[in-house]
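# Breakdown of the fold
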Amino acid sequence: MRKAFIFILLSIYFLSWSNEVASQERINLNRDWRYQENDPDGTDSTLHYSRLKPYLLPCANDFIKSGQKHIRPAGNPGGEVAYVKPDFDDSSWRQLNLPHDWAIEGPFNIDYVGATGKLPYWGIRWYRKSFELSPKDTGKQIYLDIDGAMSFSSVWCNGQFVGGWPYGYASYRLDLTPYVKAGKKNMLAIRLDNPDDASRWYPGSGIYRNVWLVKTSPVHVAQWGTFIRNKEISTDKVVMDMTLQLENNTGKSVQASVKTDIYEQDETGNPKGTKVASCPAMKVKIEQQATTELQSGFVVPNPKLWEIESPACYVAVTRIEVDGREVERYQTPFGIREIEFTHDQGFMLNGRKVPIKGVCMHHDLGALGAAFNEVAAERQLRIMKEMGANAIRTSHNPPAPELVALCDRMGLMMQLEFVDSWHKGKRKNDYNILFDDWNEADMRSLVRHYRNHPSVIMWSIGNEVHDQVTDLGIEIARNLTAYSHDEDPTRPTSLGCNKRDAIYRDIVNQVDIFGLNYYHKTYPLFKEQNPTRRYHASETSSATSSRGEYFFPVTKNVNDSRSGFQLSSYDMTTIGWGCMPEEQFKMNEAYPFMSGEFVWTGFDYLGEPTPYNKDLTNLLNFSDPVELEAAKKELEELGKIKTPSRSSYFGIVDLCGFPKDRYYNYQSYWRKELPLVHILPHWNWPERVGEVTPVHIYTSGDEVELFLNGKSQGRRKKEHSYDRLTWDDVRYEPGELKAIAYKEGKQWAEQQVKTTGQPAALSVNPEKKTLRNTGTDLSFVRIDVVDKEGLTVPRTKNLLKFSVSGPVEIVATDNGDATSFVPFQSHEREAYNGLCLVILRSLSGKTGEAVLTVESEGLPTKKVSLQVVADVK
Ligand code: GAL
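Predicted model, so just to flag it, every value in this text is computed and none were measured.

## What about the pairing of strand E19 (residues 346-349)?
As paired elements, strand E18 (residues 339-342) and E19 share 4 bridges and run antiparallel to each other. Note on E19: the bridge partner recorded for phenylalanine 341 is phenylalanine 347. Counting the residues in the hairpin turn of E18 and E19 gives 3 residues. In terms of strand pairing, E19 meets strand E20 (residues 352-353) through 2 bridges, oriented antiparallel.

Set out below in structure tokens:
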């Protein structure tokens, strides 16, 4: 009897071993979740983080010492709560797909904090999902990979507590193996507890990034367990080092054979063509329940370097064999390039000086909220690249993994940032409450996750942390840099500092590159202070404007509260600590050692509607006492009224991605080869006939002649390439403004701006007319309210109504107005200064023609058709 039992056990073991598929399976787990607010009645505080902490911290420790399982206290916290039980009936809960951000559903509330978008992001929420494992999964290692859940997530599987991760921007892995049943239905329950007063911007909420189920052999590459870096680059070959961490989760030691082949990467991140290099096969013994590290390498002949203009990428395919059978296949996308920050010439890519033309970006996707969507993220990057940006700073947190892969493929460099607060918080419940316990795991996680990506050029260990001027801060900076170097010795660390005094403290010696937020006027002083130090401009400008708004008289205003909480697009307004783009360009040219800049910000984002945010802590950023007093007074006055603003004015483009005038300032300077001339303002000022109405022009040329109704207003020449040209004495008369730009004496570009007639039609333009039927593909549709000649009417606010037929749905609408409380999900919205945006999403699995209908009273209804096609990927 006993022998038979052992025989059956052995058979199951060998059967399962031979059933294993050769490659790691990574299954998207986004569909069909159940969702509910709050804990069940009667649940006491057992689920509070302070109680769960002893069970959660081993997750951090497991991660730090990859592969080592740290002891958890005995017990099953929360096991008694109904929602975690596998047989709990959740059929009345709301059904939804991930990624999901509950707060973007609103409603906006004027009494909520503007800094976090006046949206309800805090609270407790539950997500449940069942998933099947096949009998063939017996003996496999089963992981749950969560790219981001906001925040304080705790996970149960089949009623057993598994672990979790509190930092909402972290990607993390949990081992489900001990809790799952092969051949059966399994149940996941995830609880989020998003604290209030936790952020200076809109943090979002929910399981807002992708979720994956990973099935591997128990002998496999550890999570993010590969590291590929160049050792020597010459024109005809590159010598690469490769480190591999292998895990053996079986109860016996194994002899494994490991081999890696290198391929060029296709546009989906997968290998293309025949292999271009190989690491020699290596034999290795991995002890039971242990991790081992292998050093290897390969030579790529005639390597294609990763360049901004031609971002060549490779992929390493690692195969592990045990007993002559392949048990694991693992892909590592990487690129080959050399980076260097110098103390005199700034940043070098592949030995060539490349000024950083960077933009800071918060993680939200405008009307879609924090819910990650790759198509929307790619659009944001495309708009920034089209403007001439070559770098993104993920302010102030780790990004979604797909964003980094997109930057690899699109040729955008990245500064990845860890966090906005260390030990000393900026908000009661921001990262300061986690810092002591989690900083090492979170810092290492960011670096380990992204260290193979060619787009990443540096790690930022923090942004304007209040500890930058404390002794503890020095120690923290030293530790974070050490963790970062330990995970990745090839990239420098930086810290974005906004306290001038930080430069006189030892903290500057704890990072490789000192990041200066603002203080553009002090670059020479910093250079003098330490001529061989490496610096970079981690944050610049903070100019503010609302698309299509122009105020008169045209003056430079720090806080301009006229015109319904909008800001003038004459582009004269910055925050006290910032400067206009051209002032920064001037400093970048004069002090190339600063490497370029990261502008605050590329896109408008939800929250932080400075100056209309009543946020007194921002006053700390003013260094000039006169400005400080003025801002204080202004904010106090504003405090007496309720402020409707719920998204930022900092963006170079608005929340929809529509360019503000500033966009053309950057484009003309960053893409000097692009023939461009841009006139502002619009020319619809019936109330200003005969009044001085200044005209400003951005151009990539060097000279411009301006005409009003055919009459020259004079030809102006730039003194510097960054100058804007201004005609401050133009008197308004309706008609046509025309600008002719010249470069080196030759005609270079031309633009007309005409006074338009009344709204007469709708111009509906999908950015993309064919969608894949993935259920996640999007088309952004721009609607212009136009006159009978087809010119966009600049100041019009017609109410538009949207409906669709066919295999698409309307996910969101927007118009770029930072004060609008119309829910983003609404199918009705006013145009804002002539424009509106509808975001359409394909329905999963359905194909055919879809039609978007746009109606507006008094205007002909407009229908536009799109095609939804089968996904071939
Ligand atoms: C910076 C800060 C950013 C943002 C910006 C607004 O000091 O790092 O997060 O708040 O100010 O100007």
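And the narrative resumes.
## Description of the sheet that holds strand E44 (residues 859-869)
Taking strand neighbours across the sheet as the criterion, the 5 strands line up as E37-E44-E43-E39-E41 in an open arrangement whose pairing is mixed. In this open sheet, the two edge strands, each paired with only one partner strand, are strand E37 (770-772) and strand E41 (828-830). On average, each strand axis in the sheet is tilted by 30° relative to the strand beside it, whichever way the strands run. Strand direction decides the pairing type here: strand E39 (residues 799-805) and E41, joined by 3 bridges, are antiparallel.

## With respect to the domain arrangement of the chain
With domains assigned, the chain is organised as domain 1 (31-97 + 123-194), domain 2 (219-335), domain 3 (354-550 + 571-609 + 651-661), domain 4 (672-754) and domain 5 (761-869). Relative placement of domain 1 and domain 5: their C-alpha centres are 39 Å apart.

## Side note on the packing of aromatic side chains
This model, assessed by the stated rule, comprises 45 aromatic pairs. Pairing tyrosine 605 with phenylalanine 650 gives two aromatic rings, centres 6.4 Å apart and planes at 10°, and the pair type is stacked. On the criterion of sequence distance, the pair formed by tyrosine 605 in the loop between strand E28 (596-600) and helix H10 (625-639) and phenylalanine 650 in the loop between H10 and helix H11 (661-670) is long-range, its members being 45 residues apart. Under the relative-accessibility criterion, tyrosine 605 is labelled buried at 1%. Ring centres of tyrosine 666 and tryptophan 670 lie 4.9 Å apart, and the angle between their planes is 50°; this geometry places the pair in the tilted category. With tyrosine 666 and tryptophan 670 both in helix H11, this residue pair falls 4 residues apart, about one helical turn. For the pair tyrosine 666 and tryptophan 670, a shared accessibility class is recorded, and that class is buried. For the cation-ring pair, lysine 672 lies above tyrosine 669, with the distance from its terminal atom to the ring centre recorded as 3.9 Å.

## A word on the packing of helix H2 (residues 49-64) against helix H5 (residues 435-450)
Taken N-terminus to C-terminus, the directions of H2 and H5 make an angle of 40°; their axes are 10 Å apart at the nearest point. What the angle tells us is that H2 and H5 run oblique. H2 and H5 meet at a crossing whose hand is left-handed. Contacts between H2 and H5 involve Tyr49, Lys53, Leu56, Leu57, Ala60, Phe63 and Ile64 from the first element and Asp437, Trp438, Glu440, Ala441, Arg444, Ser445 and Arg448 from the second. Among the residues making up the contact of H2 with H5, the classes are represented as 8 nonpolar, 1 polar and 5 charged.

## Comments concerning the sheet that holds strand E22 (residues 391-394)
The sheet built from 8 strands closes into a barrel, its strands ordered E21-E22-E23-E24-E25-E26-E27-E28 with parallel pairing. Across the sheet, the mean angle separating the axes of adjacent strands is 25° when strand polarity is ignored. Pairing of strand E21 (residues 356-361) with E22 involves 4 bridges; the strand directions are parallel. When the bridges of E22 are listed, valine 359 appears paired with isoleucine 392. In the packing of helix H4 (residues 401-410) onto the sheet, the strands contacted are E22, strand E23 (413-417) and strand E24 (456-463), and the crossing angle to E23 comes to about 155°. Against the sheet, helix H6 (residues 471-487) contacts E24 and strand E25 (493-497), and its axis sits at roughly 155° relative to E24.

## Comments concerning the nonpolar core
One finds Trp126, Tyr127, Leu176, Val359 and Trp422 to be the most contacted residues of the largest nonpolar core, which totals 165 residues. If you tally residues by element for this core, the top one is H2, at 8 residues. Sequence-distant contacts of valine 359, defined by excluding residues within four places in its chain, comprise Met384, Met387, Ala389, Ala391, Ile392, Arg393, Phe598, Val599, Gly602, Ile652 and Trp670.

## Some words on the site of the ligand
Around the ligand sit Arg200, His396, Asn463, Glu464, Asn517, Tyr518, Glu539, Ser542, Trp577, Trp600, Glu608 and Phe650, and those are all the residues in its vicinity. Between serine 542 and the ligand, the recorded distance is 2.6 Å, taken from a side-chain N or O atom to an oxygen atom. A distance of 2.9 Å separates an oxygen atom of the ligand from a polar side-chain atom of tryptophan 577. Within the complex, 99% of the 310 Å² of free accessible area of the ligand lies under protein.

## A word on the confidence of the model for the chain
The pLDDT averaged across the chain works out to 93; a share of 94% of its residues lies at or above 70. For the stretch residues 1-21, pLDDT sits under 50, and the model shows 18 contacts to residues farther than four places along the chain or on other chains.

## Comments concerning the state of the cysteines
For the structure on display, the rule yields 0 disulfides. Looking at the unpaired cysteine 579, the closest cysteine sulfur is the one in cysteine 360, lying at 13 Å. You can see cysteine 836 has no disulfide; the closest cysteine sulfur is in cysteine 656, sitting 7.0 Å from it.

## Quick notes on unusual backbone geometry
With glycine set apart, most residues show a phi of negative sign, and most peptide bonds adopt trans. Here the bond from phenylalanine 552 into proline 553 is cis, since omega is -5°, no more than 30 degrees from zero. Looking at the secondary structure, you find proline 553 in the loop between strand E27 (535-541) and helix H8 (562-565). Across the junction of threonine 610 and proline 611, the peptide omega takes the value 10°, indicating a cis bond. One can find proline 611 in the loop between E28 and H10. The phi torsion at glutamate 608 lies on the positive side, around 40°, for a residue other than glycine.

Definitions and limits used
- Residues take numbers from 1 onward in each chain, read along the sequence in its written order.
- In view of the model being predicted, local features appear only for residues whose pLDDT reaches at least 70, and side-chain atom pairs are presented and counted only at 80 or more, with totals across whole chains, interfaces and linings using the full set of residues.
- Water and hydrogen atoms were dropped before computing side-chain values, which therefore reflect all heavy atoms in the structure.
- Here a strand pair is declared whenever DSSP counts at least two bridges between the two strands.
- Numbering of helices and strands starts at the N terminus; helices are DSSP runs of H or I of at least 4 residues and strands are runs of E of at least 2.
- All axes here are fitted lines through C-alpha atoms, helices being fitted over the stretch that makes contact, and every angle between N-to-C directions spans 0 to 180 degrees.
- Residue ranges labeled as domains rest on an automatic or database domain assignment.
- Classification of ring pairs rests on two measures: the distance between centres of Phe, Tyr or Trp rings, Trp counted by its six-membered ring, which must be within 6.5 Å, and the angle between planes, read as stacked under 30 degrees, edge-to-face over 60 and tilted in between.
- Any residue under 20% of the maximum accessible area for its type is buried, any over 50% is exposed, and the rest in between are partly exposed; the area is computed with a 1.4 Å probe on protein chains only.
- Only when the NZ atom of a Lys or the CZ atom of an Arg is both within 6 Å of the ring centre and within 35 degrees of the ring normal do we say a charge sits over the ring.
- Should an angle fall under 35 degrees it is called roughly parallel, over 145 degrees roughly antiparallel, and 65 to 115 degrees roughly perpendicular, with every other angle called oblique.
- Crossing chirality is assigned from the near helix's rotation relative to the far helix, an anticlockwise turn below a right angle marking it left-handed and a clockwise turn marking it right-handed.
- Throughout, a contact is declared for two residues whenever any of their heavy atoms are within 4.5 Å.
- Amino acids outside the nonpolar list (Ala, Val, Leu, Ile, Met, Phe, Trp, Tyr, Cys, Pro) and the charged list (Asp, Glu, Lys, Arg) are all regarded as polar, and Gly is one of them.
- Put simply, buried Ala, Val, Leu, Ile, Met, Phe, Trp, Tyr and Cys residues joined by side-chain atoms within 4.5 Å make one nonpolar core.
- Near residues are defined by distance, with any heavy atom within 4 Å of the molecule or strand qualifying the residue.
- As used in this structure description, the phrase polar contact means that two N or O atoms lie within 3.5 Å; if the pair is within protein, one of them must be able to donate a hydrogen and the other to accept it, and residues adjacent in sequence are counted only when both atoms belong to side chains.
- All accessible-area figures derive from a Shrake-Rupley calculation using a 1.4 Å probe, and residue coverage is judged against the displayed protein chains alone.
- Residue-level confidence of the predictor is summarised by pLDDT, bounded by 0 at the bottom and 100 at the top.
- Cysteine sulfur atoms that pair up within 2.5 Å are treated as a disulfide.

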